[in-house]
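Spelled out, the chains give:
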Amino acid sequence: MQGWDKVEALTADAYAFGLGETRGLVADYIPILAETDPELFGVCVAEVDGSIHSAGDAAVEFSIQSISKAFVYALVCEELGHDLVKEHVGVNNTGLAFNSVMAIELNYGHPMNPMVNAGALATTALVPGGSPAEQWELIRQGLSRFAGHPLELDGEVYRSEMATNQRNMAIARLLESYRRIEIDPLKVVDVYTKQCALRVSARDIAVMGATLADGGVNPITGEQVVSAAVCRDTLSVLAANGMYERSGEWLFEIGLPGKSGVAGGIVTISPGKAGIGVFSPRLDSAGNSVRGQAATSFLSRSLGLNIFASDVSPTRLEP
Ligand code: GLN
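The rules behind the values
- Residues numbered from 1 in each chain as written.
- Predicted model: local features only at pLDDT ≥ 70, side-chain atom pairs only at ≥ 80, totals over all residues.
- Heavy atoms only, no water.
- Helix = DSSP H or I, 4+ residues; strand = E, 2+ residues; numbered from the N terminus.
- Rg over C-alpha atoms; globule rule 2.2 N^0.38 Å.
- Contact = heavy atoms within 4.5 Å.
- Areas by Shrake-Rupley, 256 points an atom, 1.4 Å probe, with all protein chains shown as cover.
- Near = heavy atom within 4 Å.
- Polar contact = N/O pair within 3.5 Å; in protein donor to acceptor, adjacent residues only side chain to side chain.
- Nonpolar A, V, L, I, M, F, W, Y, C, P; charged D, E, K, R; others polar.
- Buried < 20%, exposed > 50% of the residue type's maximum accessible area, 1.4 Å probe, protein only.
- Phe/Tyr/Trp six-rings, centres within 6.5 Å; stacked < 30°, edge-to-face > 60°.
- Salt bridge = Lys/Arg side-chain N within 4 Å of Asp/Glu carboxyl O.
- Axes fitted to C-alpha atoms, helices over the stretch in contact; angles between N-to-C directions.
- Parallel < 35°, antiparallel > 145°, perpendicular 65-115°, else oblique.
- Pairing = 2+ DSSP bridges.

Enquirer: Would you explain the overall build of the chain in this entry?
Expert: When helices and strands are counted, the chain shows 14 helices and nine strands. Against the compact-globule benchmark of 20 Å for 319 residues, the chain has a radius of gyration of 19 Å, which places it among compact chains. Expressed as lengths along the three principal axes of its C-alpha atoms, the size of the chain is roughly 65 × 45 × 35 Å. Taking contacts inside the chain between residues at least 6 apart in sequence as the whole, the part at least 24 apart equals 69%. Accessible surface, the chain as shown: approximately 13,000 Å² in total, 53% of it carbon and sulfur.

Given below as structure tokens:
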């Protein structure tokens with residue numbers, strides 16, 4: 001892309017910048033995640049013209065976790081439309097943790113937004129299909145189209161989370177009591193846990209992000225995965241809610257829509273330009289990768305990606 005001749009070098013610089021960051025803790029509430037090597041770190045920029053720039057462990061796979069919420073939301077919006085999903089799941093930030101039960105109660109049973117667990121469970125429940133197996137297949141295939149190749153389930157991660165998933169089961173039951181989930185809530189938790197256990201690399205999530213940056217067309221395969229209108233809606237929801245209760249801080253520092261997951265991935269989207277994928281398992285207290293935030297913030301600044309930045313109009317500068 002024009003003016004982006006330095007992006008390969010800047011990707012390496014972002015990696016070097018992130019490497020200096022050693023704060024944060026690997027997630028352990030899903031037991032298997034605690035075994036991840038905390039030093040893993042990968043950065044990838046996928047441009048909408050299909051160029052890919054990688055540094056570090058960009059090909060190492062990890063479970064997509066909450067990053068799946070962004071793409072399942074896009075698929076459901078594509079199927080059911082802007083208004084229905086907006087009413088049923090919502091778009092507003094809770095200001096509370098991703099797995100908050102209190103947020104549901106404070107909002108009279110409304111899940112609030114699709115990027116926290118309550119809203120993600122309500123969204124997964126809306127996935128078309130006559131059975132949980134069909135819903136799961138639709139999700140797996142849909143996310144694979146975003147990535148440009150078939151994504152596989154990490155059975156170990158899935159089983160580890162299913163064995164310790166009581167909180168998500170409670171959230172799903174609570175939503176059922178408020179009629180925000182109208183099918184078997186425990187089956188919804190099962191499909192949701194599978195979607196979170198899909199294996200991806202930093203490169204995969206960069207391409208998935210680039211698809212949202214490119215009006216819904218995967219820049220590698222050329223396939224139209226969702227419409228441009230769905231991308232626009234998804235990105236606004238990410239801007240408001242993608243980093244949970246830290247979404248305001250993220251938007252202030254980085255100025256781009258992004259979504260994190262507890263395995264340590266973050267996808268960031270620069271509309272019309274690129275997707276950025278980062279992976280490093282050490283997290284801050286909200287569950288966002290610390291090195292991932294550092295590398296993304298470096299790229300946003302050095303490539304001038306903040307969507308809120310403007311220059312003085314040239315007409316005003318003329319004498
Ligand atoms: N599967 C995880 C959960 O539901 C996803 C959470 C996350 O990535 N923040 O707890």
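Enquirer: What exactly am I supposed to notice about the site of the ligand here?
Expert: Neighbouring the ligand are the residues Tyr 29, Gln 65, Ser 66, Phe 98, Asn 117, Glu 161, Asn 168, Tyr 192, Cys 196, Tyr 244, Gly 261 and Val 262. In the model, an oxygen atom of the ligand is placed 2.9 Å from a nitrogen or oxygen of the Asn 168 side chain. Measuring from an oxygen atom of the ligand, one finds a side-chain N or O atom of Tyr 192 at 2.7 Å. Considered on its own, the ligand offers 300 Å² of accessible surface; in the complex 99% of this is hidden by protein. Considering only residue class, the shell around the ligand consists of six nonpolar, five polar and one charged.

Enquirer: Got a minute to help me understand the environment of His 110 in this structure?
Expert: Looking at the secondary structure, you find His 110 in the loop between helix 4 (102–106) and helix 5 (117–126). With a relative accessible area of 17%, His 110 lands in the buried category. In this structure, the C-alpha to C-alpha distance between His 110 and His 88, residues 22 residues apart in sequence, is 7.9 Å. Dropping the residues within four chain positions of it, His 110 is found in contact with Glu 87, His 88, Val 89, Gly 90, Ile 104 and Arg 180. A distance of 3.1 Å separates a polar side-chain atom of His 110 from the backbone oxygen of Glu 87.

Enquirer: Please explain the packing of aromatic side chains as it appears in this structure.
Expert: Where two aromatic rings form a pair, the distance of their centres and the angle of their planes describe that pair. Tallying each qualifying case throughout the model produces six aromatic pairs. Ring centres of Tyr 29 and Phe 98 lie 6.1 Å apart, and the angle between their planes is 45°; on these two criteria the pair is classed as tilted. Of the two residues, Tyr 29 sits in the loop between strand 1 (25–26) and strand 2 (42–47) while Phe 98 sits in the loop between helix 3 (82–89) and helix 4, which places them 69 residues apart along the sequence. Members of the aromatic cluster, joined through ring pairs, are Tyr 29, Phe 98 and Tyr 244.

Enquirer: Before we go on, may I ask you to explain the pattern of salt bridges in this structure?
Expert: Pairing is possible between side chains that carry opposite charge, provided their charged atoms lie close to one another. Under the counting rule described, the total for this entry stands at 14 salt bridges. For Glu 87, the salt bridge goes to Arg 180, with nearest N and O atoms at 3.9 Å. Here Glu 87, found in helix 3, pairs with Arg 180, found in the loop between helix 8 (166–177) and helix 9 (185–196); they are 93 residues apart in sequence, far enough to count as distant. Connected via shared salt-bridge partners are Glu 39, Arg 282 and Arg 291.

Enquirer: Looking at this structure, I do not really get the packing of helix 6 (residues 132–147) against helix 10 (residues 202–213). What am I missing?
Expert: Any two packed helices are characterised by how steeply their axes cross, that is the angle between the axes, and by the distance between the axes. At a closest axis distance of 7 Å, the pairing of helix 6 and helix 10 adopts a crossing angle of 90°. One element, helix 6, and the other, helix 10, form an angle in the roughly perpendicular class. Side by side, helix 6 and helix 10 meet where Leu 143, Phe 146 and Ala 147 of the first sit next to Asp 204, Val 207, Met 208, Thr 211 and Leu 212 of the second. Across the contact of helix 6 with helix 10, the residue classes break down as six nonpolar, one polar and one charged.

Enquirer: Quick question: what am I supposed to make of helix 5 here?
Expert: In an α-helix, one full turn covers 3.6 residues, which means residues spaced three or four apart are oriented alike. Within helix 5, ten of the ten residues are buried, which leaves it mostly tucked inside the rest of the structure. Listed in full, the buried residues belonging to helix 5 are Asn 117, Ala 118, Gly 119, Ala 120, Leu 121, Ala 122, Thr 123, Thr 124, Ala 125 and Leu 126. Looking at the buried positions of helix 5, the neighbouring elements they touch are helix 2 (67–80), helix 3, helix 4, helix 6, helix 8 and helix 9.

Enquirer: What should I look at first to understand the pairing of strand 8 (residues 274–279) in this one?
Expert: When a strand is regular, its side chains alternate between the sheet's two faces. With six of its six residues buried, strand 8 lies for the most part within the structure. Here strand 8 shows a buried face lined by Ala 274, Ile 276 and Val 278 and a second buried face lined by Gly 275, Gly 277 and Phe 279. Where strand 2 lies against strand 8, six bridges are found, and the strand directions are antiparallel. Its bridge partner lying in strand 8, Gly 42 is registered against Phe 279. Sheet topology note: the strand 7 (residues 265–270)/strand 8 ladder contains six bridges and is antiparallel. Counterpart to Ser 270 in the pairing with strand 8 is Ala 274. The antiparallel hairpin formed by strand 7 and strand 8 contains three residues in its connecting segment, where Gly 272 sits at a positive phi of about 80°.

These figures capture arrangement, not role.
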